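# Structural features, examined
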Amino acid sequence: MAFDRARFRHALVIGGARSGKSRFAERLAAATGLAKVYVATASAWDDEMRAKIARHKEDRQGAGWRTIEEPLDLAGTLCREAAAGERVLLVDCLTLWLTNVMLDGRDAEAECEGLVGTLPGLAGPAVFVSNEVGWGIVPENALARAFRDAQGRLNQRMAEACDRVVLVAAGLPVVLKPSAAAG
Amino acid sequence: MAFDRARFRHALVIGGARSGKSRFAERLAAATGLAKVYVATASAWDDEMRAKIARHKEDRQGAGWRTIEEPLDLAGTLCREAAAGERVLLVDCLTLWLTNVMLDGRDAEAECEGLVGTLPGLAGPAVFVSNEVGWGIVPENALARAFRDAQGRLNQRMAEACDRVVLVAAGLPVVLKPSAAAG
Amino acid sequence: MAFDRARFRHALVIGGARSGKSRFAERLAAATGLAKVYVATASAWDDEMRAKIARHKEDRQGAGWRTIEEPLDLAGTLCREAAAGERVLLVDCLTLWLTNVMLDGRDAEAECEGLVGTLPGLAGPAVFVSNEVGWGIVPENALARAFRDAQGRLNQRMAEACDRVVLVAAGLPVVLKPSAAAG
């Protein structure tokens, strides 16, 4: 069974921009020893982005990752992949996915619940990367405020649903769950 | 005595926007088993805000909270309430209070010292919720810069004065005080 | 030997604005018992800033610090100072230094590698203060986005190179390195 090899069922890795959270999540996934599937949520909206995505995909291929690109239907993708055999899934990242969901005019809360709802049914472990975006001054832009509210709620919901949650700063982990404190 | 029932005298709960810090603070206060008083610092400056505040107040009433609304005179309110009998006070939140203080043209540093000065005299436990707002790029707006400086100083002063300080991310706590490390 | 007296060779202290990270770093440096050298990276671009810098310098002088001002050539300064005898160096802060580097049109990544490369050769301990700036909404300004990427990468590189890394919030430390977790 896939879960026997991993020390977690579902892991959430959160942190600021350029905090090293993706690299940390990759190591977490690699440590399972399972076949690795990378679910990339970035949308290639211009040539520069397309080139960057292609380069990252090639880098990961060298390190043994298969890459799936899915900007919106994350729940469906996870279910399909999990049914296909023993593997670990790495979703990078929920912040770009949430951006795509909101830009597409979808209901962020319903989509988040849909995503959280797929977790118990997954046959193998999954690692989710997400940004912390609410530690600054209140944004003047209303869409930015709505986004940081939705992102904060998503991170809370995912943290409830995952059995392992790690905050990364400067590439280093603070384990939030399971709790370090006994009492 | 009220402090015998609580595991803290004064607790500070900090975190980003939508980090779950208010919910964490409510659980902390509820765990004392004391009568619960919620000190709301939000100002109802439009109908939407008024409706939101009324809805939250009703929710809390169902959960056994009495709500006091006080946007500015926090020190006076705390002293009055603490003198009125055995109870736990939850102040949510210091960030809105500081906003009100600064918009009212008051001296933020003097008001902060006034607030900190009331703590030793309180007869029962109190929980304070406050935002972390200084983890982003320097704001272009001068008032925003002044606010994040004042908020940072307030959180430092309160953290000194409280015997329990918790940082919340994605609904999960990192205990900053008492320190987890021995050495 | 200078390192015998310190509990760290190179320490990185990170945190948000007004988090108390400088004060924490000063205590860390003072605890070594060595002669203290403060390397200030702030540029005095107006009279207000000049006055502020002079005041801080005077305050530190009273507390036994010698101050060196160096906005750009941090690697050279560290090498020169380390060669001059037993002492602890405190660099406050890498964020202003990185700002100066980028405003001067230099290659941020090359400068960061240059700085990291000096660490193994230093004869005594050093403490570096740096800001976390990536925990907010994506900035609309392209330079701000480039800066937060560069700052995030710098903090990761320095955290790799240092044997002690501390995240400070509300004046209180979360030790990121050495890791608190055993497994």
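Located above this text is the structure these notes cover.
Residues numbered from 1 in each chain as written. Chains lettered and ligands numbered in written order. Predicted model: local features only at pLDDT ≥ 70, side-chain atom pairs only at ≥ 80, totals over all residues. Heavy atoms only, no water.

### Thoughts on the overall build of chain A
Along chain A, the regular secondary structure elements total 7 helices and 7 strands. Helices and strands appear in chain A in the N-to-C order α-β-α-β-α-β-α-β-α-α-β-α-β-β. Relative to the globule expectation of 16 Å for 183 residues, the C-alpha radius of gyration of chain A, 16 Å, shows essentially globular dimensions. In terms of overall dimensions, chain A has a C-alpha envelope of 50 × 50 × 30 Å along the principal axes. Here chain A, with 183 residues, has 54% of them falling under the buried criterion. About 8000 Å² of surface is accessible on chain A, with carbon and sulfur atoms providing 52% of the total. (Helix = DSSP H or I, 4+ residues; strand = E, 2+ residues; numbered from the N terminus. Rg over C-alpha atoms; globule rule 2.2 N^0.38 Å. Buried < 20%, exposed > 50% of the residue type's maximum accessible area, 1.4 Å probe, protein only. Areas by Shrake-Rupley, 256 points an atom, 1.4 Å probe, with all protein chains shown as cover.)

### Notes on unusual backbone geometry
Cis geometry is found at the peptide bond from A:Lys177 to A:Pro178, where omega equals 0 degrees. Between B:Asp92 and the following residue, B:Cys93, the backbone shows a cis peptide bond with an omega angle of 5 degrees. By the secondary structure assignment, B:Cys93 is in the loop between strand E4 (88-92) and helix H5 (94-103). Although it is not a glycine, B:Ala170 sits at a positive phi angle of roughly 50 degrees. Its place among the elements puts B:Ala170 in the loop between strand E6 (164-169) and strand E7 (172-177). Under the relative-accessibility criterion, B:Ala170 is labelled buried at 5%. Phi is positive for C:Arg18, which is not a glycine, with a value near 55 degrees.

### What to know about a nonpolar patch on the surface
Residues and elements named next belong to chain A. On the surface, a cluster of nonpolar side chains totalling about 380 Å² of accessible area is made up of Trp-45, Leu-103 and Leu-143. Assignment of secondary structure puts Leu-103 in helix H5 (residues 94-103). Residue Leu-103 is classed as exposed on the basis of its relative accessible area, which comes to 61%. (Patch = residues over 30% accessible without salt bridge, like charges linked within 9 Å, V, L, I, M, F, W, Y side chains within 5 Å. Salt bridge = Lys/Arg side-chain N within 4 Å of Asp/Glu carboxyl O.)

### Considerations on the side chain of B:Asn155
Along the chain, B:Asn155 turns up in helix H7 (residues 142-161). Overall, the relative accessible area of 1% leaves B:Asn155 in the buried class.

### Some remarks on the relation of the copies chain C and chain B
With an RMSD of 0.0 Å, the fit of chain C onto chain B corresponds to turning through 120 degrees and sliding 0.0 Å along the axis. On the angle and the small slide along the axis, the relation comes out as a three-fold axis. (Least-squares fit on C-alpha atoms with pLDDT ≥ 70 in both.)

### A look at the nonpolar core
A:Phe128, B:Phe128 and C:Phe128 are the most contacted members of the largest nonpolar core, which has 111 residues in total. Excluding anything up to four places from it in sequence, C:Phe128 contacts C:Ala11, C:Leu12, C:Val13, C:Leu78, C:Val91, C:Leu94, C:Leu115, C:Leu119, C:Met158 and C:Cys162. (Core = buried A, V, L, I, M, F, W, Y, C linked by side-chain atoms within 4.5 Å. Contact = heavy atoms within 4.5 Å.)

### Remarks on the interface of chain C and chain A
A common way to report how large an interface is uses the accessible area buried once the components associate. Between chain C and chain A, the contact holds 20 residues from the first and 24 residues from the second. Of the roughly 1700 Å² buried where chain C meets chain A, counting both sides, 65% is carbon and sulfur surface. Per-residue buried area on chain C facing chain A is highest for C:Trp135, C:Ile137 and C:Gln156; these three make up 45% of the total on that side. In this structure, the connection of chain C to chain A is made through 2 salt bridges. Salt-bridge contacts for A:Arg23 lead to C:Glu160; the nearest nitrogen and oxygen are separated by 3.8 Å. Where the side of chain C that touches chain A is concerned, the elements lending two or more residues are helix H7 (142-161) and strand E7 (172-177) of chain C. Considered class by class, the residues forming the side of chain C that touches chain A number 7 nonpolar, 6 polar and 7 charged. (Buried area = accessible area lost by both parts, 1.4 Å probe. Nonpolar A, V, L, I, M, F, W, Y, C, P; charged D, E, K, R; others polar.)

### Things to note about the pattern of salt bridges
Using the criterion set out here, one finds 30 salt bridges over all chains in the structure. Notably, a salt bridge pairs A:Arg106 with A:Asp104, separated by 2.7 Å at the nearest N-O pair. Given a relative accessible area of 36%, A:Arg106 falls into the partly exposed group. Judged by relative accessible area, which is 43%, A:Asp104 ranks as partly exposed. The structure contains a network of salt bridges with shared partners spanning A:Arg23, C:Glu113, C:Arg157 and C:Glu160.

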